[in-house]
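Chain residues, written in single-letter form:
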Amino acid sequence: MSEFEIVQEYPHPRDRVWRALTDPALVPRWTSTGQGGRPEGFVPEAGTRFRFVGKPVPGWDGVVRCEVLAADAPSLLRFTWRNKETDEPSFVTYRLEDTAAGTRFTYSHTGFRGVGGLVMSRLLQRVRRRMLADGLPPVLDDLGAAA
């Protein structure tokens, strides 16, 4: 099985980072660095089924099917991830912790299976690193300026 973890620190309070990660109006601004990942039906409550809708590409319809497994605002969000309804799920976890300078955000994605899962894990890891390093900070800065 394949998995990856990304740890980022942001000079913003945990509540602000949580809001940027979970507010359906804000998520598309940082996912795929502003070009995708629009959540439909998302509420950070266990049992909620939702979809991330992005731009379709050959071999993918642009929809990720998810279900919230755990939510403890503003510290933890865990949900399943399926590219197709028939796929075995992989699992995404967001963990937020206070630091002296702001918030530590740990993003993990586990449960990829087989060679296809290894390829998907590598692809998603590159994309997520970019989103969290380049896409999320401007959203957090904008929220801070509006506060």
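See the structure shown above.
Parameters at a glance
- Residues numbered from 1 in each chain as written.
- Predicted model: local features only at pLDDT ≥ 70, side-chain atom pairs only at ≥ 80, totals over all residues.
- Heavy atoms only, no water.
- Helix = DSSP H or I, 4+ residues; strand = E, 2+ residues; numbered from the N terminus.
- Buried < 20%, exposed > 50% of the residue type's maximum accessible area, 1.4 Å probe, protein only.
- Contact = heavy atoms within 4.5 Å.
- Salt bridge = Lys/Arg side-chain N within 4 Å of Asp/Glu carboxyl O.
- Pairing = 2+ DSSP bridges.
- Polar contact = N/O pair within 3.5 Å; in protein donor to acceptor, adjacent residues only side chain to side chain.
- Core = buried A, V, L, I, M, F, W, Y, C linked by side-chain atoms within 4.5 Å.
- Axes fitted to C-alpha atoms, helices over the stretch in contact; angles between N-to-C directions.
- Parallel < 35°, antiparallel > 145°, perpendicular 65-115°, else oblique.
- Left-handed = near helix turned anticlockwise from the far one by under 90°.

**Q** For the environment of Trp-81, give the residues involved together with the corresponding values.
**A** Following the sequence through the fold, Trp-81 ends up in strand β5 (residues 76-81). For Trp-81, a relative accessible area of 9% gives the class buried. Measuring from C-alpha to C-alpha, the distance between Trp-81 and Ala-133 comes to 22 Å, with 52 residues separating the pair along the chain. Not counting residues within four places of it along the chain, the set of residues in contact with Trp-81 comprises Phe-52, Val-64, Arg-65, Cys-66, Glu-88, Pro-89, Ser-90, Val-92, His-109, Leu-124 and Arg-128.

**Q** Run through the pattern of salt bridges, naming residues and quoting values.
**A** Across all of its chains, the model carries 10 salt bridges by this definition. Among the ionic pairs, Asp-98 bridges to Arg-14, the shortest N-O distance being 3.1 Å. Of this pair, Asp-98 sits in strand β6 (residues 90-99) while Arg-14 sits in helix α1 (residues 14-22); the two residues are 84 residues apart in sequence, bridging distant segments of the chain. Salt bridges linked by common partners bring Glu-9, Glu-97 and Arg-104 together as one network.

**Q** If you had to explain the pairing of strand β3 (residues 49-53) to someone new, which residues and values would you point to?
**A** Here strand β2 (residues 38-40) pairs with β3 via three bridges, running antiparallel. Across the sheet, Arg-38 pairs through a bridge with Val-53, a residue of β3. Pairing between β3 and strand β4 (residues 63-72): five bridges, direction antiparallel. For Val-53, the partnering residue across the bridge sits in β4 and is Val-63.

**Q** Go over the side chain of Arg-14, please, and point to the residues and values.
**A** Within the structure, Arg-14 has its side chain in polar contact with the side chain of Asp-98 (distance 3.1 Å). What Arg-14 contacts, discounting residues up to four positions off in sequence, is Pro-74, Ser-75, Leu-96, Glu-97, Asp-98 and Thr-103.

**Q** Tell me about the side chain of Thr-103, residues and numbers included.
**A** Relative to the helices and strands, Thr-103 is located in strand β7 (residues 102-112). By relative accessible area, Thr-103 is classed as buried at 0%. A distance of 2.9 Å separates a polar side-chain atom of Thr-103 from the backbone nitrogen of Arg-14. Residues within four places of Thr-103 in sequence aside, it is in contact with Gln-8, Glu-9, Tyr-10, His-12, Pro-13, Arg-14, Val-17, Leu-96 and Glu-97.

**Q** Which residues make up the pairing of β7, and what values go with them?
**A** Burial within β7 is extensive, with nine of its 11 residues counted as buried. Bridging between strand β1 (residues 2-10) and β7 involves eight bridges; their strand directions are antiparallel. Paired with Ile-6 across the strands is Tyr-107, a residue of β7. Sheet topology note: the β6/β7 ladder contains nine bridges and is antiparallel. Among the inter-strand pairings, Leu-96 is bridged to a residue of β7, identified as Phe-105.

**Q** Describe the nonpolar core, with residues and values.
**A** Grouped together as the largest cluster of nonpolar side chains are 32 residues, with contacts concentrated most on Trp-30, Phe-79 and Tyr-94. The contact partners of Trp-30, leaving out residues within four places of it in the chain, are Ala-20, Leu-21, Tyr-94, Met-131, Leu-132, Gly-135, Leu-136 and Val-139.

**Q** How would you sum up the packing of α1 against helix α3 (residues 114-146)? Please name residues and give values.
**A** In the contact formed by α1 and α3, the axes pass within 10 Å of each other and the chain directions differ by 120°. On the basis of the axis angle, α1 is oblique to α3. In the crossing of α1 with α3, the sense of the turn from one axis to the other is right-handed. Of the residues in α3, those in contact with Arg-16, Val-17, Arg-19, Ala-20 and Leu-21 of α1 are Leu-136, Val-139, Leu-140, Leu-143 and Gly-144.

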